[in-house]
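Topology and contacts: notes
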Amino acid sequence: MHCAICHGKDLSGGLGSSFLDSEWKHGGEPQSMFDNIKYGLPELGMQPFDGTLSDAQINALVIYIREKNHQAGLAERPTPRPEDEVLKTRYYNYRIEPIHSGELDTPWSTVQLPDGRFLVTERGGDLRIIEGGKLLDEPISGLPQSWEHGQGGLLDINIDPNYADNGWIYIAYTVKAPDEDTYMTALSRGRLKGMQWVDNEVIFHVDPKFYSPRGPHFGTRIVFDQKGDLYFAIGDRGIQDQAQDLTRPNGKVHRIRPDGSIPEDNPFADVPDSYPTLWTYGNRNPQGLAFHPVTDELWETEHGPRGGDELNLIRPGINYGWPVITYGMNYNGSPLSDKTHAPGMEQPVYHWTPSIAVCGLDFYTGKDFPQWENDLLIGSLRQEELWRFRLEDGKPTQQELILRGAGRIRDVYVGPDGRLYLVLNSPGQVVRLIPE
Ligand code: HEC
């Protein structure tokens, strides 16, 4: 309504510039686009929209323009696709191969045991085994009950850093309140005895008064720092303002010990009534967590709403801003916040608009692709993309798309065998990247 007369109905330009090419004369960052719309470029013929449009509406416009610009760019960008037999990237050519026969049903996460077998969680509640290239028909029996509610179900899995000595396996899953249709994320550990889950210990679960009836944003991932403490995340459970509420467990990253006890020096220990396991807050829906193999820094990927997916460096006690600041808007295109920055709230290291639906991530530490050593590999669900980020001084200095279109990537995993695996939702498969 306000812009088409100069920038074209299809945004391809006219009196004003095209929004579909890669050229931004007046700055392509969200903040400069915002300023250009709000304050105008009067000397060039564009009046300010301050007064006509609210800040939140201008933010939504910036997101809309960035989405259209991204879509226009996709057609031109060469991307490695799985139907090419050999996929070409900057340093390596590679192939993709499933590591098993059979099909998984909505797999969420995988971990490799020292004997070479893989455990894979299916969101519906089954824990499956891949052995010698075969997906065994029988799931593991005796697992704690999980509830497939909305995005919830059986979620992440990991093994103890000292698995060879203690045999502990950790799972995250969705639990239901006894008397109500409300749901929350919980964690257990247990051991494998043949095809049975034994010695189950619930190591994290919250009072049902904190549960939510909503379907989205259960978060999770289970990772360990070099000291052996355990970190995981819970999304906002569809009630966004609770991400800022320190008395609640949702919308947060948490730290506990592997046995479920709580370290005394958690960052909010001195804040009255704060939830004792909190490590950070203001996190919308974390879907990836990984420790840097050298610096032991915790990195996180987080789903934004429409626009504003984030890569964050997670440091204790920090507020990551959701829903007060965000680079995204509501799914229906209506504005969400008038702010992308605020004092006391951390900026993402990187953000994606449109959202790619960032998911699992891992640092590359394997042998197959030595040039990628310690690079961050980031998977995406909706755009079916795999990104490689090189980090220097906490900033991405190389960003390379190394795969698109092989399926929704739920998890990225470098196994103890040094190989790189992806968990794909559709078709339900674990695949390996093999250098040519
Ligand atoms: C009366 C014409 C006119 C209208 C209406 C108008 N613009 Fe512009 N716009 C311009 C001109 C002219 C430029 C500068 C083009 C140049 O530098 O070549 C510009 C530049 C911009 C830029 C900077 C582009 C760049 O290359 O960095 C943005 C962003 C922008 N407009 C957004 C909008 C939005 C959003 C609206 C509607 C809310 C809007 N404009 C309405 C004429 C207009």
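What counts, and where the lines are drawn
Residues numbered from 1 in each chain as written. Predicted model: local features only at pLDDT ≥ 70, side-chain atom pairs only at ≥ 80, totals over all residues. Heavy atoms only, no water. Helix = DSSP H or I, 4+ residues; strand = E, 2+ residues; numbered from the N terminus. Rg over C-alpha atoms; globule rule 2.2 N^0.38 Å. Buried < 20%, exposed > 50% of the residue type's maximum accessible area, 1.4 Å probe, protein only. Contact = heavy atoms within 4.5 Å. Areas by Shrake-Rupley, 256 points an atom, 1.4 Å probe, with all protein chains shown as cover. Donors = N, O, S within 2.8 Å, 3.2 Å for Na, K, Ca; no water. Tetrahedral: all angles 85-135°; square planar, octahedral: opposite > 155°, others 65-115°. Polar contact = N/O pair within 3.5 Å; in protein donor to acceptor, adjacent residues only side chain to side chain. Near = heavy atom within 4 Å. Nonpolar A, V, L, I, M, F, W, Y, C, P; charged D, E, K, R; others polar. Core = buried A, V, L, I, M, F, W, Y, C linked by side-chain atoms within 4.5 Å. Expected span 1.5 Å × (residues − 1). 1 Å grid on protein atoms, 1.4 Å probe; cavity = no way out; pocket = protein on both sides within 12 Å on 5 of 7 lines; lining within 4 Å. Points joined across faces, edges and corners; volume = space filled by probe spheres on them. Domains from an automatic or database assignment. Buried area = accessible area lost by both parts, 1.4 Å probe. Salt bridge = Lys/Arg side-chain N within 4 Å of Asp/Glu carboxyl O.

Here the focus is the overall build of the protein. In terms of helices and strands, the protein carries four helices and 25 strands. On C-alpha atoms alone, the protein measures out to a radius of gyration of 22 Å, which is about the 22 Å that the 2.2 N^0.38 rule sets for 436 residues. Its C-alpha atoms give the protein principal-axis dimensions of roughly 75 × 55 × 40 Å. Burial analysis of the protein (436 residues in total) assigns 56% to the buried set. Sequence separation of at least 24 residues holds for 57% of the intrachain contacts in the protein that already meet a minimum separation of 6. In the form shown here, the protein has an accessible surface area of approximately 18600 Å², with 47% of it arising from carbon and sulfur atoms.

A few words on the coordination of the iron atom of the ligand. Within the protein, the atoms that donate to the iron atom of the ligand are His7 (NE2) and Met46 (SD), at distances of 2.0 to 2.1 Å. Classification of the site at the iron atom of the ligand rests on its six donor atoms, whose angles at the metal span 86 to 178 degrees, yielding the label octahedral. Taken together, the residues His7 in helix H1 (residues 4–7) and Met46 in the loop between helix H2 (30–39) and helix H3 (55–74) connect sequence positions 39 residues apart.

The next point concerns the side chain of Thr185. Residue position: Thr185 is located in strand S9 (residues 183–193). In terms of polar contacts, Thr185 uses its side chain to reach the backbone carbonyl oxygen of Phe218, at 2.9 Å. Beyond its immediate stretch of four places on either side in the chain, Thr185 contacts Tyr173, Phe204, Phe218, Thr220 and Ile234.

So, on to the site of the ligand. The full set close to the ligand counts 24 residues, and Cys3, Cys6, His7, Lys25 and Met46 are the nearest of them. Contact between the ligand and His7: a nitrogen atom at 2.8 Å from a side-chain N or O atom of the residue. The contact in question runs from an oxygen atom of the ligand to an N or O atom on the side chain of Lys25, over 2.5 Å. Contributing elements (two or more residues each) for the shell around the ligand: H1, H2 and H3. Broken down by element, the residue count for the shell around the ligand peaks at three residues, all from H1. For the shell around the ligand, the class distribution of residues is 14 nonpolar, eight polar and two charged.

The subject of this paragraph is the nonpolar core. Judged by nonpolar contacts, the single largest core of 50 residues is most densely connected at Leu119, Ile169, Leu187, Phe204, Leu230 and Val430. No other element matches the six residues that strand S8 (residues 169–176) contributes to this core. Residues within four places of Val430 in sequence aside, it is in contact with Glu97, Pro98, Ile99, His100, Leu104, Val120, Ile130, Tyr421, Leu422 and Val423. In this structure, Leu87, Leu377, Ile409 and Val431 belong to the second largest nonpolar core, which totals 19 residues.

Attention now moves to H3. Between the first and last C-alpha of H3 there are 29 Å, a value that for 20 residues agrees with the 28 Å anticipated at 1.5 Å per step. Of all the residues in H3, the buried ones are Ala56, Ile58, Asn59, Ala60, Val62, Ile63, Ile65, Arg66, Glu67, Asn69 and His70. On the buried face of H3, the contacting elements are H2.

For the structure shown, the criterion picks out two cavities of 30 Å³ or more. Size it by volume and the largest cavity reaches roughly 60 Å³. Lining the largest cavity are Pro30, Asn59, Val62, Ile63, Arg66, Thr326, Tyr327, Thr340 and Thr353. Of the residues in the lining of the largest cavity, the class split is four nonpolar, four polar and one charged. Both domains that meet at the lining of the largest cavity, namely domain 1 (4–74) and domain 2 (87–435), each give it at least three residues. In this structure, the second largest cavity encloses a volume near 40 Å³. Its residues assigned to classes, the lining of the second largest cavity comprises three nonpolar, four polar and three charged.

According to the domain assignment, the protein consists of domain 1 (4–74) and domain 2 (87–435). Domain 1 and domain 2 are separated by 35 Å when their C-alpha centres are compared. Counting residues at the interface gives 13 residues for domain 1 and 17 residues for domain 2. Summed over both partners, the interface of domain 1 with domain 2 comes to about 1300 Å²; 63% of that surface belongs to carbon and sulfur atoms. Along the contact surface separating domain 1 from domain 2 lie one salt bridge. For the salt bridge of Arg306 with Glu67, the shortest nitrogen-to-oxygen distance reads 2.8 Å.

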